[in-house]
Amino acid sequence: GNSVTQMEGPVTLSEEAFLTINCTYTATGYPSLFWYVQYPGEGLQLLLKATKADDKGSNKGFEATYRKETTSFHLEKGSVQVSDSAVYFCALRGSGSARQLTFGSGTQLTVLP
Amino acid sequence: DTGVSQDPRHKITKRGQNVTFRCDPISEHNRLYWYRQTLGQGPEFLTYFQNEAQLEKSRLLSDRFSAERPKGSFSTLEIQRTEQGDSAMYLCASSLGGTNWEGPAYEQYFGPGTRLTVT
């Protein structure tokens, strides 16, 4: 079956530091890959996505590249802000008819001023 | 606000009681999904509807769980004879479904969730 393995947290960084959150996946076929973010007290929000190999998703300074050869979709940001503090979830959408999302366990990011 | 809404936001119940949650999807979305998220974990798929038809159910959805979407609009998730292990956040998401899967409307938009605590 499909699965997503995500770097365990929590991760604590100082403002303006470089961020990497690792994500690898196992899936049959050609999944689409996503990063979702969950701010305190809020619902999941789509941050970025990539639908095929070598695609780069980007949004709000965050980037992730779909690497089929390493089955990875690592999230990066060059300079984090306090407002980026949240839980980040890597997810994949399989090619089955239900199109449901399979999530990783989430990484708590705290950015200190 | 035209996003996905869920009601109630919080529910505390005693073991053995029945509970029902409601989800109102984005109005033009024909697909509706239920997920469960336990503390420290990512959401896990429970079931989904296309219009009023429930097309897939996860093995996580035991016989005590039932979901409906009677008119293809809002959906309810009922848990009968609740157990402490049912304590979790129950998330609803909606999307369009069709032959073109790549536009932003085909992504899943999540509601704020209903947090269930079984005492």
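That block above? That's the structure.
Let me sum up the structure you'll find in this document. (Residues numbered from 1 in each chain as written. Chains lettered and ligands numbered in written order. Predicted model: local features only at pLDDT ≥ 70, side-chain atom pairs only at ≥ 80, totals over all residues. Heavy atoms only, no water.)

This next bit is on the overall build of chain B. Of the regular secondary structure elements, chain B holds 0 helices and 11 strands. When its helices and strands are written in sequence order, chain B yields β-β-β-β-β-β-β-β-β-β-β. The C-alpha radius of gyration of chain B comes to 14 Å, within 12% of the 14 Å expected for a compact globule of 119 residues. With respect to the three principal axes, the spread of C-alpha positions in chain B is 45 × 25 × 25 Å. Counting the 119 residues in chain B, one finds 47% classified as buried. As presented, chain B carries roughly 6,200 Å² of accessible surface, and 45% of it is formed by carbon and sulfur atoms. (Helix = DSSP H or I, 4+ residues; strand = E, 2+ residues; numbered from the N terminus. Rg over C-alpha atoms; globule rule 2.2 N^0.38 Å. Buried < 20%, exposed > 50% of the residue type's maximum accessible area, 1.4 Å probe, protein only. Areas by Shrake-Rupley, 256 points an atom, 1.4 Å probe, with all protein chains shown as cover.)

A word on the interface of chain A and chain B. Facing 19 residues of chain A, the contacting portion of chain B comprises 22 residues. Summing both sides of the interface, chain A and chain B together bury roughly 1,600 Å²; the carbon and sulfur share of this comes to 48%. Here chain A and chain B share 2 salt bridges between them. Close ionic contact of Lys49(A) with Glu107(B) constitutes a salt bridge, the shortest N to O distance being 2.4 Å. Between the two partners, chain A and chain B, sit 4 residue pairs in polar contact (both at pLDDT 80 or more). Of all elements in the fold, only β5 (32-38), β6 (44-50), β10 (86-93) and β11 (101-103) of chain A reach the threshold of two or more residues within the side of chain A that touches chain B. In the side of chain A that touches chain B, the residues fall into 8 nonpolar, 8 polar and 3 charged. (Contact = heavy atoms within 4.5 Å. Buried area = accessible area lost by both parts, 1.4 Å probe. Salt bridge = Lys/Arg side-chain N within 4 Å of Asp/Glu carboxyl O. Polar contact = N/O pair within 3.5 Å; in protein donor to acceptor, adjacent residues only side chain to side chain. Nonpolar A, V, L, I, M, F, W, Y, C, P; charged D, E, K, R; others polar.)

Counted under the stated rule, the structure contains 8 salt bridges over all chains. The shortest N-O distance in the salt bridge between Lys52(A) and Asp55(A) comes to 3.5 Å. Accessibility expressed as a relative area gives 52% for Lys52(A), which makes it exposed. Notably, a salt bridge pairs Glu107(B) with Arg93(A), separated by 3.0 Å at the nearest N-O pair. Placement of the pair is Glu107(B) in the loop between β9 (88-95) and β10 (109-110) and Arg93(A) in strand β10, with the two residues belonging to separate chains. Under the relative-accessibility criterion, Arg93(A) is labelled buried at 4%. Each member of the salt-bridge network shares a partner with another, and the members are Lys49(A), Arg93(A) and Glu107(B).

As a further point, take the sheet that holds strand β1 (residues 5-7) of chain B. Residues and elements named next belong to chain B. Taken together, 4 strands build an open sheet; the order of strands is β1-β3-β8-β7 and the sheet is antiparallel. Across the chains shown, the open sheet's two edge strands, defined by having one partner strand only, are β1 and β7 (65-68). On average, adjacent strands in this sheet sit at an angle of 15° to one another, irrespective of strand direction. Here 5 bridges tie strand β3 (residues 19-24) to strand β8 (residues 75-79), and the two strands are oriented antiparallel to one another. Paired with Thr 20 across the strands is Glu 78, a residue of β8. (Pairing = 2+ DSSP bridges. Axes fitted to C-alpha atoms, helices over the stretch in contact; angles between N-to-C directions.)

Residue and element names in this part refer to chain A. On the basis of which strands lie adjacent, the open sheet formed by 4 strands has the order β3-β9-β8-β7 and antiparallel pairing. The open sheet has two free edges, formed respectively by β3 (19-21) and β7 (56-59), since each of these has just one partner strand. Going across the sheet, the axis of each strand differs from the next one's by a mean of 15°, ignoring polarity. Pairing of β7 with strand β8 (residues 62-65) involves 4 bridges; the strand directions are antiparallel.

The next subject is the environment of Gln37(B). Its place among the elements puts Gln37(B) in strand β4 (residues 31-37). You can call Gln37(B) buried: its relative accessible area is 10%. As for Gln37(B) and Gly113(B), which are separated by 76 residues in sequence, their C-alpha atoms are 9.3 Å apart. Dropping the residues within four chain positions of it, Gln37(B) is found in contact with Gln38(A), Phe89(A), Gly42(B), Pro43(B), Ala88(B), Met89(B) and Leu91(B). At 3.1 Å, the side chain of Gln37(B) and the backbone oxygen of Gln41(B) are in polar contact.

Purely geometric stuff here, so don't read any function into it on its own.
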